[in-house]
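# Results of the structural survey
Read off the chains here:
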Amino acid sequence: MATTDLTTRSMPTSVEAPSAAAAPAEKRDFGRVLKIALPLGLFALLLLGWESYVVAYNVPHFILPAPSRIWATLIADWPLLFGSLLQTLRTTFLGLALAVLGGVSLAVLLSLSRIVEYSLYPYAVVLQVTPVVAISPLLLIYMPQEAAVLTCAWIVAFFPILSNTTLGLQSVDRNLLELFDLYGSTRPKWAPPRVGRFLSRVKALWYLRAPAALPYFLAGLKIAGGLALIGAVVAEIAAGSAGAGSGLAYRIIESQFRLNIPRLFAALALLSVTGVVIFLAMSALSHLLLRRWHESALKRER
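For every chain, the first residue of the written sequence is number 1, and numbering continues from 1 onward in sequence order. Totals for whole chains, interfaces and linings use every residue, but because this is a predicted model, local features are given only for residues with pLDDT of at least 70 and side-chain atom pairs only at 80 or more, for both listing and counting. Calculation of side-chain values draws on the structure's entire complement of heavy atoms; hydrogens and water are dropped beforehand.

Let us now look at the overall build of the protein chain. Elements are defined by DSSP. Helices are runs of H or I of four residues or more, strands are runs of E of two residues or more, and each kind is numbered from the N terminus. Summing up its helical and strand segments, the protein chain has ten helices and zero strands in all. Helices (α) and strands (β) of the protein chain occur, in sequence order from the N terminus, as α-α-α-α-α-α-α-α-α-α. Burial classes: relative accessible area under 20% of the type maximum marks a residue as buried, over 50% as exposed, and values in between as partly exposed (1.4 Å probe, protein chains only). Every one of the 302 residues in the protein chain was classed for burial, and the buried ones make up 34%. Here the Shrake-Rupley method, with its probe set to 1.4 Å, supplies the accessible areas, and only the displayed protein chains count as covering residues. Total accessible area on the protein chain is roughly 19000 Å²; 69% of this is exposed by carbon and sulfur atoms.

Given below as structure tokens:
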């Protein structure tokens with residue numbers, strides 16, 4: 001009897017164990033569905049309310065076009081808008097690439113030399129705090145149009161890369177640096193003292209500072225991606241006001257002058273979608289590079 005009673009009591013435990021283990025996984029899946037469904041549902045309700053308002057009050061399309069008319073305009077003018085979008089994307093990604101190259105290179109120099117840091121970093125701050133709206137007309141005067149637009153995109157995206165990467169390179173644990181130096185891993189015995197110190201800094205930069213700075217750099221990259229698009233749009237608007245340009249922001253200015261408000265909204269929607277896609281792409285890259293080792297990308301059990 002005692003044996004039968006113990007066996008009977010132990011049976012529910014073995015049956016309930018898989019369901020208890022599966023509960024956190026189901027909860028995570030439900031959370032992912034909500035994370036996608038709630039914004040999409042709210043967006044659909046917003047479009048429905050917008051469409052209903054325009055139809056109910058018979059609002060003219062040159063004042064506020066309905067979402068259905070904007071969609072029809074986007075389909076009809078797609079060849080023109082897509083060509084302008086490619087031009088804007090070219091400027092955005094080229095400016096972002098130059099910002100990454102220049103920002104990371106300067107951050108490495110700042111981490112290796114205090115003299116370089118004290119000499120150049122204040123000018124980088126001045127470049128960042130100066131509004132690009134004020135700079136773009138001057139650049140259009142002294143530079144070719146494409147170079148001026150590209151420079152605006154680079155200026156806006158440069159500082160987040162520089163500041164975040166510099167912070168990451170300087171955030172290494174001092175105990176690790178001292179331990180790295182204590183075991184003689186960074187100072188070649190054959191080199192003169194000054195050369196040895198420089199090589200030790202380079203080696204510590206590669207093995208300690210660079211991995212520590214990677215999450216900071218990727219965070220700056222997510223910010224710089226959207227800012228490069230903003231810089232390109234601002235410069236294209238300035239160029240369009242001067243009567244030149246072919247990017248998507250120029251199509252917005254052109255549509256405004258011609259009172260083609262549906263095309264204006266279609267171009268604006270393309271810019272918004274482009275910004276979201278750039279942010280999602282940078283977030284996916286960050287997750288791909290950090291998911292196996294960094295705390296910010298590791299999955300947490302709840």
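Every case where a carboxyl oxygen of Asp or Glu lies within 4 Å of a side-chain nitrogen of Lys or Arg is listed as a salt bridge. Scanning the model with the defined rule gives five salt bridges in all. Note that Glu-117 is salt-bridged to Arg-114, the shortest N-O span being 3.2 Å. You can see Glu-117 and its partner Arg-114 sitting in helix H4 (residues 114–129), three residues apart, about one turn around the helix. The exposed category is assigned to Arg-114, whose relative accessible area is 51%. Two residues, Arg-251 and Glu-254, come together in a salt bridge whose shortest N-O distance is 3.1 Å. Taken together, the positions of Arg-251 and Glu-254, both in helix H9 (residues 248–257) and three residues apart, correspond to about one turn of that helix. One exposure class covers both Arg-251 and Glu-254, and it is buried. Where salt bridges share partners, they join Asp-77, Arg-251, Glu-254, Arg-258 and Arg-263 into one cluster.

On to H4. In this analysis, the expected span of each helix is defined as 1.5 Å times one less than the number of residues it contains. Between its terminal C-alpha atoms H4 stretches 23 Å, which fits the 22 Å expected from 16 residues at 1.5 Å a residue. Throughout, bend refers to the angle between the axes fitted to the seven residues that end at a position and the seven residues that start at it. Taken as a whole, H4 carries its principal kink of about 35° at Leu-120; the proline Pro-122 stands between one and four residues after it. We call two N or O atoms a polar contact when they sit within 3.5 Å, provided that within protein one can donate a hydrogen and the other can accept it, with sequence-adjacent residues counted only if both atoms are side-chain atoms. A side-chain oxygen of the first residue of H4 lies 3.4 Å from the backbone nitrogen of Ile-115; this N-cap is Ser-113.

The next point concerns the nonpolar core. We call a set of buried Ala, Val, Leu, Ile, Met, Phe, Trp, Tyr and Cys residues a nonpolar core when their side-chain atoms join them within 4.5 Å. One finds Leu-81, Leu-96, Leu-162, Leu-221 and Leu-248 to be the most contacted residues of the largest nonpolar core, which totals 37 residues. At the level of secondary structure, the elements contributing two or more residues to this core comprise helix H2 (67–76), helix H3 (78–112), helix H6 (145–169), helix H8 (193–241), H9 and helix H10 (261–290). Ranked by residue count, the leading element in this core is H8, at nine residues. Throughout, a residue-residue contact means that at least one pair of heavy atoms, one from each residue, lies within 4.5 Å. When near neighbours in sequence (up to four residues on either side) are disregarded, Leu-221 contacts Leu-96, Val-100, Ile-161, Met-282 and Leu-285. By size, the runner-up hydrophobic cluster in this structure holds ten residues, among which are Ile-135, Val-149, Val-234 and Ala-235.

With that out of the way, let us pick up the packing of aromatic side chains. Any Phe, Tyr or Trp ring, taking Trp's six-membered ring, that has another such ring centre within 6.5 Å forms a pair; planes under 30 degrees apart are called stacked, those over 60 apart edge-to-face, and the others tilted. Counted under the stated rule, the structure contains five aromatic pairs. Summarising the aromatic geometry, the rings of Tyr-53 and Tyr-57 are spaced 5.0 Å apart at their centres and angled 45° between planes, so their arrangement reads as tilted. Taken together, the residues Tyr-53 and Tyr-57, both in helix H1 (residues 2–57) and four residues apart, mark about one turn of the helix. Under the relative-accessibility criterion, Tyr-53 is labelled partly exposed at 43%. For Tyr-57, a relative accessible area of 61% translates into the label exposed.

This next bit is on the side chain of Arg-251. Using a relative accessible area of 13% as the deciding quantity, one classes Arg-251 as buried. At 2.8 Å, the side chain of Arg-251 forms a polar contact with the side chain of Ser-84. Aside from chain neighbours lying at most four places away, what touches Arg-251 is Leu-80, Leu-81, Ser-84 and Ser-246.

Let us now look at the environment of His-287. Tracing the backbone through its elements, the reader meets His-287 in helix H10. Classification of His-287 by relative accessible area gives partly exposed; the value is 40%. C-alpha separation for the pair His-287 and Pro-215, spaced 72 residues apart in sequence, amounts to 9.7 Å.

In the Ramachandran plot, Asn-58 falls in the positive-phi region, its phi being about 50° despite a non-glycine side chain. Mapped onto the secondary structure, Asn-58 falls in the loop between H1 and H2. Despite not being glycine, Leu-259 shows a phi value in the positive range, around 60°. The residue Leu-259 is located in the loop between H9 and H10 in this model.

Counting through the fold element by element, Arg-201 comes out in helix H8. Taking relative accessible area as the criterion, Arg-201 reaches 47% and is therefore assigned partly exposed. Along the sequence, Arg-201 and Leu-177 sit 24 residues apart, while their C-alpha atoms lie 9.9 Å from each other.

Glancing now at the confidence of the model for the protein chain. A residue's pLDDT is simply how confident the predictor is in it, with values from 0 to 100. Residues at a pLDDT of 70 or more form 80% of the protein chain, whose mean pLDDT is 83. Averaged pLDDT values for the elements of the protein chain fall to 71 in H1 and rise to 95 in H2. Ignoring residues within four places in sequence, the model shows residues 6–17, a span with pLDDT below 50, making zero contacts including any to other chains.

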